[in-house]
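# Results of the structural survey
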Amino acid sequence: MVTTLAPEKFDEIEEALKDVVDPELGVNIVDLGLIYDLGWDDENDALVIGMTLTSAGCPLTDVIEEQTAEALDGHVEAFRINWVWMPPWGPERITDDGRDMMRALGFAI
């Protein structure tokens, strides 16, 4: 059973995940709006990340998974990513900070 994270743990994990940068866009996965949900799997004692990608055929899934493992080291013992495709990601999910980062990188958004 997956339960909700305590607010302080949610904030800690979300901040750690800001170290995971989408290799194609150069912006972190939190500010891109790729994180749909964070929960805790009580049965397996693991963080569960509901995450999507900017495109379903993204060839860099392994890179993002490796960066996620590095970012979460010291925060959780175990995690799993549930790849979510519905609803599909769209630019409306990008945070204001993410938009600022993308503009700084030359994207017209």
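Above this text you will find the structure in question.
My aim in this report is to walk through the structure given alongside it, one point at a time. (Residues numbered from 1 in each chain as written. Predicted model: local features only at pLDDT ≥ 70, side-chain atom pairs only at ≥ 80, totals over all residues. Heavy atoms only, no water.)

## Describing a negative patch on the surface
Judged by side-chain charge, Asp42, Glu43, Asp45, Asp62, Glu65, Glu66, Glu70, Asp73 and Glu77 come together as a negatively charged surface patch. With respect to the helices and strands, the residue Asp62 is situated in helix H2 (residues 61–72). (Patch = residues over 30% accessible without salt bridge, like charges linked within 9 Å, V, L, I, M, F, W, Y side chains within 5 Å. Areas by Shrake-Rupley, 256 points an atom, 1.4 Å probe, with all protein chains shown as cover. Salt bridge = Lys/Arg side-chain N within 4 Å of Asp/Glu carboxyl O. Lys, Arg positive; Asp, Glu negative; His and termini not counted. Charge placed at Lys NZ, Arg CZ, Asp CG, Glu CD. Helix = DSSP H or I, 4+ residues; strand = E, 2+ residues; numbered from the N terminus.)

## Observations regarding the pairing of strand E4 (residues 79–83)
Where strand E3 (residues 46–51) and E4 come together, five bridges link them in parallel fashion. In the sheet register, Ile49 faces E4, and the bridge partner there is Ile81. A crossover links E3 with its parallel partner E4, the connecting element being H2, and its sense is right-handed. (Pairing = 2+ DSSP bridges. Right-handed = clockwise from strand over helix to strand, strands pointing away.)

## Describing helix H1 (residues 7–17)
For H1, every residue scored as buried is listed here: Ile13, Ala16 and Leu17. Buried residues of H1, viewed axially, fall in a sector of 100 degrees; they line one side. Within H1, the exposed residues directed more than 90 degrees away from the buried face are Pro7 and Glu8. (Buried < 20%, exposed > 50% of the residue type's maximum accessible area, 1.4 Å probe, protein only. Arc of directions from axis to C-beta.)

## Looking at the packing of aromatic side chains
As enumerated under the stated definition, the model contains one aromatic pair in all. Between Trp83 and Trp85, the ring centres sit 6.4 Å apart and the planes meet at 15 degrees, which makes this aromatic pair stacked. Judged by its relative accessible area of 25%, Trp83 falls in the partly exposed class. On the accessibility criterion, Trp85 (38% relative accessible area) is partly exposed. (Phe/Tyr/Trp six-rings, centres within 6.5 Å; stacked < 30°, edge-to-face > 60°.)

## Things to note about the sheet that holds strand E1 (residues 2–4)
Reading across from one edge, E1-E2-E3-E4 is the order of the four strands in this open sheet, with mixed pairing throughout. In the strand order of this sheet, the two ends are held by E1 and E4, each with one partner. Strand-to-strand twist in this sheet, taken as the mean axis angle between neighbours without regard to direction, amounts to 35 degrees. H1 rests against strand E2 (35–41) and E3 of the sheet, and its axis sits at about 130 degrees to E2. Contacting E3 and E4, H2 crosses the sheet at an angle of about 145 degrees to E4. (Axes fitted to C-alpha atoms, helices over the stretch in contact; angles between N-to-C directions. Contact = heavy atoms within 4.5 Å.)

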